[in-house]
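Close look at the chain arrangement
For reference, the chains in residue letters:
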Amino acid sequence: MEENKVNGSYYTPRILAKLLVEKALNYAQKRNLSILEPSCGDGVFLKELLGNDDFLSRKESSICVVEKNHIELEKTKKYKKNFSENQIKTSFNAMDFLDFVLHSKKKFNLILGNPPYIHKKFLSDRQIDLSKTILKKIDLDVNTIYNIWMPFVVGCSKLLSSNGVLCLILPAELLQVKYAEPIRKFLFREFNEFHIMSFDNQIFKGIEQDVVVFFGIKNSNNKTITHELLSNTADQLEVIERNILKPKKYLNKWLWYLMSNEEIELLIRIKNDFHSIDTYCKSSAGIVTGNNSYFILNQEQVRKYNLGDWVKPILKKSAFTKNSLTFSKKDFNALVVSNNPCFLLDLNNMNSDDDIPYEIEDYLKRGIDSKVQLGYKCKVRNDWYKVPSIWTSEGIFFKRIHLVPKLIKNTMKVNITDTGYRISMIEDYSINSLIFSFYNSLTLLLLELEGRYYGGGVLEVTPNEFKNIAIPYLDINQKEFNKLKSLVNRNKSIEEILQYTDEIILINHFGIDHKTLEIIRRLREKIVKFRVN
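This write-up is about the structure you can find in this document. One numbering rule holds for all chains: residues counted from 1, following each sequence as written. Owing to the predicted nature of the model, reporting of local features is limited to residues with pLDDT of at least 70; listing and counting of side-chain atom pairs is limited to 80 or more, with chain, interface and lining totals taken over all residues. Calculated side-chain values reflect all of the structure's heavy atoms, with hydrogen atoms and water omitted.

**Points about the side chain of Ser283**
To keep things clear, this is the line we draw: Secondary structure elements are taken from DSSP: a helix is a run of H or I of four residues or more, a strand is a run of E of two residues or more, and numbering for both begins at the N terminus. Remark: exposure states derive from per-residue accessible area (1.4 Å probe, protein chains only) relative to the maximum for the residue type, with buried under 20%, exposed over 50%, and partly exposed in between.
When you line up the elements, Ser283 lands in strand β12 (residues 281–285). According to the relative accessible area criterion, Ser283 is buried, its value standing at 14%.

**Structural notes on the sheet that holds strand β14 (residues 311–315)**
For the record, the criterion: Strand pairing requires that DSSP identify at least two bridges connecting the strands.
In space, the four strands of this open sheet follow the order β13-β15-β14-β19, with mixed pairing throughout. For this open sheet the edge positions go to β13 (296–297) and β19 (415–416), each flanked by a neighbour on one side alone. Judged from the three bridges that link them, β14 and strand β15 (residues 343–345) form a sheet pairing that is antiparallel. Bridging from a neighbouring strand, Pro313 pairs with Phe343 of β15.

**So, the side chain of Arg531**
Just so we agree on the cut-off: Here a polar contact means two N or O atoms within 3.5 Å. Within protein one must be a hydrogen donor candidate and the other an acceptor candidate, and residues neighboring in sequence count only if both atoms are side-chain atoms. Residue contacts are defined here by distance: any two heavy atoms, one from each residue, within 4.5 Å place the two residues in contact.
Take Arg531: it is sitting in helix α21 (residues 514–532). Of the polar contacts made by the side chain of Arg531, one reaches the backbone oxygen of Gly457; its length is 2.7 Å. When sequence neighbours within four positions are dropped, the list of residues in contact with Arg531 reads Asp210, Ile401, His402, Leu403, Glu448, Tyr453, Gly457, Val458 and Leu459.

**Quick notes on the packing of helix α10 (residues 261–271) against α21**
Our working rule: The convention used is that axes are lines fitted to C-alpha atoms, helices contributing only their stretch in contact, and that angles between N-to-C directions extend from 0 to 180 degrees. Orientation labels follow simple angle bins: below 35 degrees gives roughly parallel, above 145 gives roughly antiparallel, 65 to 115 gives roughly perpendicular, and whatever is left gives oblique. Under the scheme applied here, ten amino acids are nonpolar (Ala, Val, Leu, Ile, Met, Phe, Trp, Tyr, Cys and Pro), four are charged (Asp, Glu, Lys and Arg), and all others, including Gly, are polar.
Put simply, α10 and α21 touch, their axes get as near as 11 Å, and they point 105° apart. As judged from the angle between their axes, α10 and α21 are roughly perpendicular. Contacts from Glu263, Leu266 and Ile270 of α10 reach α21 at Thr516, Ile519, Ile520, Arg522 and Leu523. Its residues assigned to classes, the contact of α10 with α21 shows five nonpolar, one polar and two charged.

**So, the pattern of salt bridges**
Pairs can form between side chains of opposite charge whenever their charged atoms are close. As a reminder of what qualifies: Between Lys or Arg on one side and Asp or Glu on the other, a salt bridge is scored when a side-chain nitrogen of the former is within 4 Å of a carboxyl oxygen of the latter.
Scanning the entire structure with this criterion turns up 26 salt bridges. Residue Lys271 is joined to Glu450 by a salt bridge in which the shortest nitrogen-to-oxygen separation is 3.9 Å. Of this pair, Lys271 sits in helix α10 while Glu450 sits in helix α17 (residues 441–450), placing them 179 residues apart in sequence. A salt bridge links Glu495 to Arg524; the shortest N-O distance between them is 3.3 Å. Of this pair, Glu495 sits in helix α20 (residues 494–509) while Arg524 is found in helix α21, placing the two residues 29 residues apart along the sequence. With a relative accessible area of 37%, Glu495 lands in the partly exposed category. Since its relative accessible area comes to 5%, Arg524 is described here as buried. The network of salt bridges with shared partners includes Lys23, Glu228 and Arg242.

**As for the state of the cysteines**
The criterion, for reference: For the purposes of this analysis, a disulfide is any pair of cysteine sulfur atoms at a distance within 2.5 Å.
Tallying each qualifying case throughout the model produces zero disulfides. As a non-bridged cysteine, Cys167 has Cys156 as the owner of its nearest cysteine sulfur, 10 Å distant.

**Here we look at the nonpolar core**
Operational definition: Buried residues of nine kinds, namely Ala, Val, Leu, Ile, Met, Phe, Trp, Tyr and Cys, make up a nonpolar core once their side-chain atoms join them within 4.5 Å.
Grouped together as the largest cluster of nonpolar side chains are 151 residues, with contacts concentrated most on Leu20, Trp149, Ile183, Phe397, Ile423, Leu434 and Phe438. Each residue touching Phe438, except ones within four places of it in the same chain, is listed here: Ile277, Phe397, Pro405, Leu407, Thr443, Leu444, Leu447, Phe466 and Ile471. Within the second largest apolar cluster, 38 residues are counted, among which are Leu345, Cys378, Ile390 and Phe398.

**As for the sheet that holds strand β17 (residues 400–401)**
Reading across from one edge, β17-β22-β21 is the order of the three strands in this open sheet, with antiparallel pairing throughout. Both outer strands of the open sheet, β17 and β21 (452–453), are each paired with one neighbouring strand and no more. Sheet topology places β17 next to strand β22 (residues 459–460); two bridges connect them, and they run antiparallel. In the sheet register, Arg400 faces β22, and the bridge partner there is Glu460.

**A closer look at unusual backbone geometry**
Not every positive phi belongs to a glycine, and Gln87 is a case in point at roughly 60°. By secondary structure assignment, the location of Gln87 is in the loop between α5 (80–85) and β5 (89–93). Within the chain, Asn323 stands out as a residue other than glycine whose phi angle is a positive 50°. Residue placement: Asn323 occurs in the loop between β14 and α13 (329–337).

**Topic: α17**
Among the ten residues that make up α17, ten are buried, leaving the element largely enclosed by the rest of the structure. Taken residue by residue, α17 has Ser441, Leu442, Thr443, Leu444, Leu445, Leu446, Leu447, Glu448, Leu449 and Glu450 as its buried positions. Put simply, Asn440 is the residue that caps the front of α17, since its side-chain oxygen is 3.0 Å from the backbone nitrogen of Leu442.

**Overview of helix α16 (residues 431–438)**
Among the eight residues in α16, eight count as buried, and that is most of the element. Along α16, the positions that sit buried rather than exposed are Ile431, Asn432, Ser433, Leu434, Ile435, Phe436, Ser437 and Phe438.

**Notes on the packing of aromatic side chains**
Which entries qualify depends on this criterion: Pairing of aromatic side chains here covers Phe, Tyr and the six-membered ring of Trp, requires ring centres within 6.5 Å, and sorts the geometry by plane angle: under 30 degrees stacked, over 60 edge-to-face, intermediate tilted. Lysine and arginine charges are scored as sitting over a ring when NZ or CZ, respectively, is within 6 Å of the ring centre and within 35 degrees of the ring normal.
For the structure on display, the rule yields 30 aromatic pairs. The interplanar angle of 85° and the centroid separation of 5.6 Å between the aromatic rings of Phe332 and Phe343 together place this pair among those described as edge-to-face. Here the residue Phe332 occupies a position in helix α13, and Phe343 occupies one in strand β15, the gap between them amounting to eleven residues. Judged on exposure class, the residue Phe332 and its partner Phe343 are both buried. Clustering of aromatic rings is evident, with ring pairs tying together Phe188, Phe191, Phe194, Phe214, Tyr250, Trp254 and Tyr257. Sitting over the ring of Tyr500, Lys483 keeps its end group 4.4 Å from the ring centre.

**Considering the environment of Lys30**
Mapped onto the secondary structure, Lys30 falls in the loop between α1 (14–27) and β3 (34–37). In the structure, Lys30 is positioned 80 residues away from Leu110 in sequence and 9.6 Å away in space, judged by C-alpha atoms. Ignoring sequence-local partners within four residues, the contact set of Lys30 consists of Arg58, Asn109 and Asn163.

Coordinates in, geometry out; function isn't part of it.
Right, here's the structure in full:
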């Protein structure tokens, strides 16, 4: 298998291609199939079709192959003779699938493939224009094409016959990123029945690309959503969990569909018993410097350029706050001694009409020589060197999460970059109680379900997503906070930490029974495992 970020090539493992061919043929009941492979790559699906007796028995079927890479397309043409011998017609089209969508008049009753995943920064102007044209055909007028798989999904859906079946391998971000929401709504509307297949570990080895399989079935009588979790061990794919849902309403984030109807209803009911976190605090984005390497310096640089009177303490990233619920002066001093970049250049009090000190003038010249002033964030400021919105808060929430989210008390009153949100408590509520209340199984599960991730297993929570997270807020005492702080400082597992906080918050105070709590814990572990593989 190869990875090519520019061409979006993630070639499908044979073990997965074989399974998908078998399932797709099972869903496609029509005997004489018209099949489209929209981006055939190395032809793995064609090879598996040739090895499938069920398909070969469906005489007078046809296969249309599209691939813009001429070299790869020539390789797949070797299968033409084999298909012909089984009375199966083939056509091979050396063209971009985006062009094919806009020019093809034919409908297909089975579309099967693994479209390319090409990020917007690698798309040509022509690809962007074609993509927008395709999306406009479903009345989806978008300003930004974030990834080429989006028009592939829409294009394939529009080429399906009224009784067609769609099977595509797609990035797992389909399930919950904001930019894919219009595509989710379209698919929910377009297909009566759809199946999502996910994997308990990465099926594409050696790359940071989490995938799911989407099956859309048009000729189903009932609106159902099926999720299957597959285990990939010893070169075998085995279903280890299956949920079949009859959705009562559309849910924006499809991660919810990885759960059963009963689990979804239980979670929504419990969630609605609590207020969102913005009831207790205000959250604001951290500081955007415009160029961290220039505006955030280490101690050695501060001394070298004589900038000590012009800097303020700042946290650059969450990794600088290991194993702690608080960030203190002692923690900051440890960063300074290690020569980490933790001093923010603040020139907001310097009047441009005044005489600029020599050391500042010299450092600004260095910035100009490096073209720092031409960066977008710097260019739109009145004075490019004045970083706006420099103020500190009681707490900090780091918006990117690996295994465990970080909400910490800012006892040092340190500044934070836009890797975090500044947390300021509303009157009558305390930062200690907010932090303690945040670390419970329910809130951490909801954070997983409402956030989004793009591959590599990192969860990201936007400002609005953070504000809307339900939290069972409880006023706690200093002893309880210190106990939680001690567990974190001693690097105890999140499971051990939640044993402590869940007992106090969810069971003793809010009356959630042990059986319900076990369901919540199991779901949190399941969703985290799905994310980090």
